[in-house]
Amino acid sequence: MRVSQLITKTRKDAPADETAKNAQLLIKAGYVHKDAAGVYVWLPLGRKVLNNIIEVIREEMDAIGGQEVVMSTLQRKDVWERTNRWDDKIVDVWFKTAYKNGTEAGLAWSHEEQMVDTFRQHIDSYKDLPKSVYQFQNKLRNETRAKSGIMRTREFIMKDMYSFSKNEDEHKALYDKVTGAYVKIFNRLGIGESTYFTVASGGAFAEFSHEFQTICDAGEDVVYIDDKKRIAVNEEVMRDEVLEGLGLKREELRQSKTAEVGNIFSFGTSKSEPFNFVYSDENGGQQHVVMGSYGIGPARVMGVIVELMGDDKGLVWPKNIAPYQLHITSLGNDEAVIADAEKLHASCIEAGIEVLWDDRDVSAGEKFADADLMGMPIRVVVSKKTLEGGTYEVKNRQTGEITSQNLDNLINMLSNN
Ligand code: ATP
Ligand code: MG
């Protein structure tokens, strides 16, 4: 891709009302557009990063047997009335609307009830279990606070998985499998080191749930971390009997601000009972299906990555999710230089390496500043000087390290990434 062809431009300043570092950098670099408070538009560069994150999550969900679906945004009132969650006093984030004939509909803030209502019509025997389904679908939430940039928005894509099991033991095995998949996902996304498996409140249905909390100043949660055991306790359940049950000592924990990037819940039979979601067991008896729910917010993960890795010059992408691996900056209008940059650009495409080439007729200073702002892992300078020397000047965005490499070495290095 040539920068001259990109539909977006970088800009010097973020909107005055944008206070979050993640959104400021993403807006300046042309990855997202802020439409309203808590409402963002995904521009091509941002969409590529979000898609890369989604793809990592999808691979790990598929690897544990998840089957992908897409539920609807329009939600039936009667489905939510079954669990008493249509009521605005019980769920305070609903956006609601109505059909022309006056029938009320909700805009999905969650898909839990609809999942139960749908899959009770496909699962009826012990032979059908266990199963899990997942989706990447918009959630619309009338969040009171929307001040953390893309980390808390009023419209966002969630990955939500649901598991259906015969009994608690089968459920527990699946729950542990999803936990393992989540650890892999956050490692692959480059935030594994700063992300902690955290014991949290179980809500209405279970004593505890688990969250994946990433250390981040812009986060809204507070957890207490045991560094040796690599687990944490959310402040909401920080009680002596909880610590005792986990074998943790208060004086060995350190407090930290964190952002919840994912969570996993057990529902028991609390969801299947109101829907009469049952299966027939080996003896011809009827049993309620045991369920779990597992969320990740891909955009919140992206915001956290920007918060953790971005520096005073701009974005810094880990190579697994960068929109482009290589950012070519060609300097000046010399024909031989442009021809050489074109050759490098073509060689990358041929080798299957995602490449961005700043082919604009602007100053070297502007090109370098934009390359730093946009944050591709590797920047290469093509100039009269590099042409004469026969090697490119190659800079690592994260470490700042500069090396000289010829075409073959460079392509090799990027291919083996
Ligand atoms: P929070 O306590 O932060 O509001 P939640 O308990 O509402 O999160 P879930 O409804 O279970 O979270 O959502 C699953 C995941 O979706 C969360 O772990 C988080 O990563 C992400 N998420 C939740 N709300 C938002 C939001 N408003 N914007 C972006 N991502 C979100
Ligand atoms: Mg919430």
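All of the points below concern the structure found in this document. (Residues numbered from 1 in each chain as written. Chains lettered and ligands numbered in written order. Predicted model: local features only at pLDDT ≥ 70, side-chain atom pairs only at ≥ 80, totals over all residues. Heavy atoms only, no water.)

## What about the sheet that holds strand β5 (residues 95–98)?
Backbone hydrogen bonds hold the strands of a sheet together, and the pairing may be parallel or antiparallel. Operational definition: Here the rule is simple: two strands pair whenever DSSP picks up at least two bridges between them. Counting from the N terminus, the helices are DSSP H or I runs at least four residues long and the strands are E runs at least two residues long. Note on geometry: axes are C-alpha line fits, over the in-contact stretch for helices, and angles between N-to-C directions span 0 to 180 degrees.
Strand order in the open sheet formed by three strands is β4-β6-β5, with antiparallel pairing between adjacent strands. Two strands in the sheet have a free side with no partner beyond their single neighbour: β4 (74–76) and β5. On average, adjacent strands in this sheet sit at an angle of 45° to one another, irrespective of strand direction. Direction of pairing for β4 relative to strand β6 (residues 104–107): antiparallel, over a ladder of three bridges. By the bridge assignment, L74 is partnered in β6 with L107.

## Quick look at the side chain of Q405
Under the convention used in this document: Only protein chains enter the area calculation, which uses a 1.4 Å probe; residues under 20% of their type maximum are buried, those over 50% are exposed, and those in between are partly exposed. When checking whether two residues touch, look at their non-hydrogen atoms; a contact exists if any pair is within 4.5 Å.
Mapped onto the fold, Q405 is located in strand β21 (residues 402–405). Take Q405: its relative accessible area is 13%, and that puts it in the buried class. If sequence neighbours within four positions are ignored, Q405 has contacts with T391, Y392, V394, L410 and M413.

## A short note on the sheet that holds β21
On the basis of which strands lie adjacent, the open sheet formed by five strands has the order β18-β17-β19-β20-β21 and mixed pairing. The two strands at the open ends of the sheet, each matched to only one other strand, are β18 (355–358) and β21. Between one strand and the next, the sheet's axes are offset by a mean angle of 25°, whatever the strand orientation. Looking at chain direction, strand β17 (residues 326–330) and strand β19 (residues 378–382) are connected through five bridges and run parallel. Paired with L326 across the two strands is I378, which belongs to β19. Against the sheet, helix α8 (residues 335–350) engages β17, β18, β19 and β20 (392–396), with an angle of about 165° to β18. Contacts from helix α9 (residues 364–374) reach β17, β18, β19 and β20, with the element oriented near 175° to β17.

## Some remarks on empty space enclosed by the protein
Keep this limit in mind: Note on definitions: the grid is 1 Å and covers protein atoms alone; a cavity is a set of points where a 1.4 Å probe fits but cannot get out; a pocket is an open set with protein on both sides within 12 Å along at least five of seven lines; lining residues have an atom within 4 Å of a point. Grid points are joined across faces, edges and corners, and a volume is the space filled by probe spheres set on the points. All residues other than Ala, Val, Leu, Ile, Met, Phe, Trp, Tyr, Cys, Pro, Asp, Glu, Lys and Arg, Gly among them, are scored as polar; the first ten of these are nonpolar and the last four charged.
Within the structure shown, the criterion is met by one cavity of 30 Å³ or more. Its volume calculated, the largest cavity comes out at about 50 Å³. Contributing to the lining of the largest cavity are H327, A371, D372, M376, I378, R379, K395, N396 and R397. At the level of elements, α9, β19 and β20 are the ones that each hand at least two residues to the lining of the largest cavity. For the lining of the largest cavity, the per-class residue count stands at three nonpolar, two polar and four charged.

## Here we look at the pattern of salt bridges
Convention followed: Definition used for salt bridges: Asp or Glu carboxyl oxygen within 4 Å of a side-chain nitrogen of Lys or Arg.
This model, assessed by the stated rule, comprises 34 salt bridges. Between D117 and R120 there is a salt bridge whose closest N-O contact spans 2.7 Å. Judged by its relative accessible area of 7%, D117 is buried. Through salt bridges with shared partners, a single network forms among R76, D78, D117 and R120.

## As for the site of ligand 1
In plain terms, the rule: Whether a residue is near a molecule or strand depends on its heavy atoms: if one lies within 4 Å, it is near. Each polar contact in these results corresponds to two N or O atoms within 3.5 Å; when the atoms are within protein, one needs to be able to donate a hydrogen and the other to accept it, and residues that are neighboring in sequence are counted only if both atoms are side-chain atoms. Only the protein chains shown count as cover for residues, and the accessible areas themselves come from Shrake-Rupley with a 1.4 Å probe.
Not every one of the 13 residues close to ligand 1 is listed here, only the nearest: R141, T153, E260, N263 and R300. One of the backbone nitrogen or oxygen atoms of T153 is found 2.9 Å away from a nitrogen atom of ligand 1. Between G297 and ligand 1, the recorded distance is 3.1 Å, taken from a backbone N or O atom to an oxygen atom. Burial of ligand 1 by the surrounding chains reaches 82%, relative to a free accessible area of 590 Å². Contributions of two or more residues to the shell around ligand 1 are made by β8 (155–165) and β13 (254–268). Sorting elements by how many residues they give to the shell around ligand 1 places β13 first, with four residues. Of the residues assigned to the shell around ligand 1, the class counts are four nonpolar, four polar and five charged.

Shape descriptors only; they carry no functional weight alone.
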